[in-house]
Amino acid sequence: MAYKRFQNTVAESQQLLPVAVVIMAAACYLSRLVDDGLWMQLVCLAVTTALLVELNVSNQLLRVASQSSASMFLLLSAAAIFLFPLLPATIMQLCMVAVFFMLFHCRQHHESPGWTFYGFFCLSVASMVFVQVLYYVPVLWLIMAAFLRSMTARTFWASVLGVITPYWLAAPAAFYFLGTETIIAHFRQLGYFAPLGFVPNLNEHEWLALGWTLLLALTGTIHYLRQGYQDKIRTRLLHQALITMMVVTLLFLFLQPQHFHLLLSILIVCAAPLIAHFLTLTHTWLTNIAFYLIFLITLVIIVYNVWMPSSNFLSVTVTQVCSYLPL
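No experiment lies behind these values; they were computed from the predicted model shown. (Residues numbered from 1 in each chain as written. Predicted model: local features only at pLDDT ≥ 70, side-chain atom pairs only at ≥ 80, totals over all residues. Heavy atoms only, no water.)

### Things to note about empty space enclosed by the protein
Keep this limit in mind: Any residue with an atom within 4 Å of a point lines the site, the site being either a cavity, points on a 1 Å grid over the protein atoms alone where a 1.4 Å probe fits but cannot get out, or a pocket, an open set with protein on both sides within 12 Å along at least 5 of 7 lines. Grid points are joined across faces, edges and corners, and a volume is the space filled by probe spheres set on the points. Runs of E in the DSSP output that reach at least two residues are strands. Runs of H or I that reach at least four are helices, and both are numbered from the N terminus. Think of it as three bins: nonpolar holds Ala, Val, Leu, Ile, Met, Phe, Trp, Tyr, Cys and Pro, charged holds Asp, Glu, Lys and Arg, and polar takes everything else, Gly as well.
In this structure the tally under the stated criterion is two cavities of 30 Å³ or more. Within this model, the largest cavity holds a volume of roughly 80 Å³. Lining the largest cavity are M24, L45, S77, A80, I81, L83, F84, A89, T90, Q93 and S265. In terms of residue count, the dominant contributor to the lining of the largest cavity is helix α6 (residues 87-104) (three residues). Considering only residue class, the lining of the largest cavity consists of seven nonpolar, four polar and no charged. As a volume, the second largest cavity reaches approximately 40 Å³. Considering the residues around the second largest cavity, the lining is formed by V10, A11, L16, S68, S71, M72, L279, F291 and F295. Only α1 (6-11), α5 (68-79) and α14 (285-307) provide two or more residues apiece to the lining of the second largest cavity. With three residues, the single largest contributor to the lining of the second largest cavity is α5.

### What to know about the packing of α6 against helix α7 (residues 113-127)
Which entries qualify depends on this criterion: Note on geometry: axes are C-alpha line fits, over the in-contact stretch for helices, and angles between N-to-C directions span 0 to 180 degrees. Note on angle classes: values under 35 degrees are labelled roughly parallel, values over 145 roughly antiparallel, values of 65 to 115 roughly perpendicular, and the remainder oblique. If you view the pair so one helix is near and one far, a crossing is left-handed when the near helix is turned anticlockwise from the far one by less than a right angle, and right-handed when it is turned clockwise. A contact between two residues is defined here by any heavy atoms of the two lying within 4.5 Å.
Interhelical geometry of α6 versus α7 gives an angle of 165 degrees and a closest axis separation of 8 Å. Classified by the angle between their axes, α6 and α7 sit roughly antiparallel to one another. Considering only the axes of α6 and α7, their crossing is left-handed. Between α6 and α7, the residues in contact are M92, C95, M96, A98, V99, M102 and L103 and W115, T116, Y118, G119, F120, C122, L123, V125 and A126, respectively. Among the residues making up the contact of α6 with α7, the classes are represented as 14 nonpolar, two polar and no charged.

### Comments concerning the pattern of salt bridges
Any two side chains of opposite charge can pair, on the condition that their charged atoms come close. Put simply, the rule reads: Any Lys or Arg side-chain nitrogen located within 4 Å of an Asp or Glu carboxyl oxygen qualifies as a salt bridge. Remark: exposure states derive from per-residue accessible area (1.4 Å probe, protein chains only) relative to the maximum for the residue type, with buried under 20%, exposed over 50%, and partly exposed in between.
Counted by the stated rule, this structure contains three salt bridges. Ionic pairing is found between D231 and R63, a salt bridge with its closest N-O pair at 2.5 Å. With D231 in the loop between α11 (204-227) and α12 (233-255) and R63 in the loop between α4 (39-59) and α5, the pair connects residues that are 168 residues apart, well separated along the chain. Relative accessible area serves as the criterion here: at 39%, R63 is assigned to the partly exposed category. In this structure, the salt-bridge partner of R188 is E181, at a minimum N-O distance of 3.8 Å. In terms of burial, R188 and E181 fall into one category: exposed.

### A few points about unusual backbone geometry
Even without being a glycine, Q60 presents a positive backbone phi close to 50 degrees. When you line up the elements, Q60 lands in the loop between α4 and α5. In this model, R149 sits at a positive phi of 55 degrees, which is unusual for a non-glycine residue. Along the chain, R149 falls in the loop between α8 (137-146) and α9 (153-177).

In short, the description is geometric, and any link to function would need to be established separately.
Rendered as structure tokens:
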């Protein structure tokens, strides 16, 4: 039996997720959650976290009872807190977790058109705020065929119907309120590509969050490729599906970086279970040190990304509080 170190005790603790929730709640508050009325974003974040917990439990992504997948998602989201005010980004995260949740139910079930339909339905809903997410459709077909072993004629047509249905339901209202030109312009974005080598104008907070997320994603991927053989075949196939989605997202981000914010939100969803696997199921002294460093650096990035953009908000708050003091 492997020696249980501090990292394993924390990763398997029932208090890890509540602590991550408190950190994310503080970051959201300092990001003007109350003043700007970002309640829809908060609802999407809460539902996404709950789905990640259920995704981990129902598919046994970790060999031990742990809430580290959802916890790492919250911590990485707090490190990229500039995404929180963007409603399309939070909707994207919710829909992508829902896609994984639905499609993972289809694993080795050739007669599962219902779950397939719901999975691609969620992807289609995401495409209403980011139409380029439809480029993931052939990638998901590949995942269904290679890793989930659920691709049949019935599930293929169920996926096609799932993509079409949201637009079919929304078409009458869209034509009435928006007109055909807006709808055509929405799908026309599928053919727009920025020149290769285009570098978006990102600030230091965005570069820092992207770099840290990439480093953690790379760490989790390398760890799983080296140590994933210890998992059951079923679990290995699911993680390989997540790695495939992450690699495709990184390629998408490299080729079309103008979609930085929405692609980073997808990357966080794919990377969280992989880094959680690394933190939970390693036992060496080196990984124990890495555990300390990962959490310390993540907290420093959260403080930096939250504190600097909210400095004006904090100064106004302090001024208002001082105005009530009998000075």
